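# Working through the structure, step by step
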Amino acid sequence: RVLTAIYYLNADWHETLGGALRLHGTHNGSFIDFTPKEDSLVLFMAEHVVHEVRPPKATRWALSIWFTGYMEGESISDPKRKKK
């Protein structure tokens, strides 16, 4: 996966219901949470961003799309590329 797109479909969702997408930063345990509110779109580089979904207290709906391929400058024979 190179790029992840998540589109949320949850009408009237609020933070107290949990279920946030958490993207972790690279320093000092930093992170950012995205509440899965209706008509929200989150894009991130899945290969480079540690991420998780926090436990929800209700059913949550999302459409996830994973774009695959190579980043600019990479090739299929690049030894630094992760094996999947």
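The following refers to the structure shown. (Residues numbered from 1 in each chain as written. Predicted model: local features only at pLDDT ≥ 70, side-chain atom pairs only at ≥ 80, totals over all residues. Heavy atoms only, no water.)

## Digging into the sheet that holds strand β4 (residues 40–44)
Here 3 strands make up an open sheet; going across it, the order is β4-β1-β6 and the pairing antiparallel. Each having just a single partner strand, β4 and β6 (62–67) make up the two edges of the open sheet. Neighbour-to-neighbour, the strand axes of the sheet open up by a mean angle of 15°, direction not taken into account. Pairing geometry for strand β1 (residues 3–8) and β4, over 5 bridges, is antiparallel. Bridging across to β4, Thr4 finds its partner in Phe44. (Pairing = 2+ DSSP bridges. Helix = DSSP H or I, 4+ residues; strand = E, 2+ residues; numbered from the N terminus. Axes fitted to C-alpha atoms, helices over the stretch in contact; angles between N-to-C directions.)

## Points about the sheet that holds strand β3 (residues 31–34)
Strand order across the open sheet formed by 3 strands is β3-β2-β5, with antiparallel pairing between neighbours. Bordering the open sheet on either side are β3 and β5 (51–53), each of which pairs with just one other strand. This sheet shows a mean twist of 20° between the axes of neighbouring strands, independent of strand direction. Relative to β5, strand β2 (residues 21–24) is paired through 3 bridges, and the arrangement is antiparallel. Across the sheet, residue Arg22 finds its bridge partner in β5, namely Glu52.

## Things to note about the pattern of salt bridges
Under the defined criterion, the tally for this structure stands at 2 salt bridges. Here Asp33 ties to Arg22 by a salt bridge, and the two come within 2.7 Å at their closest N and O atoms. Taken as a pair, Asp33 in strand β3 and Arg22 in strand β2 lie far apart in primary sequence, 11 residues in all. In this structure Asp33 comes out as partly exposed when scored by relative accessible area, which is 34%. You can call Arg22 buried: its relative accessible area is 14%. Linking Arg54 and Glu52 is a salt bridge whose minimum nitrogen-to-oxygen distance equals 3.2 Å. Owing to a relative accessible area of 28%, Glu52 belongs among the partly exposed residues under this scheme. (Salt bridge = Lys/Arg side-chain N within 4 Å of Asp/Glu carboxyl O. Buried < 20%, exposed > 50% of the residue type's maximum accessible area, 1.4 Å probe, protein only.)

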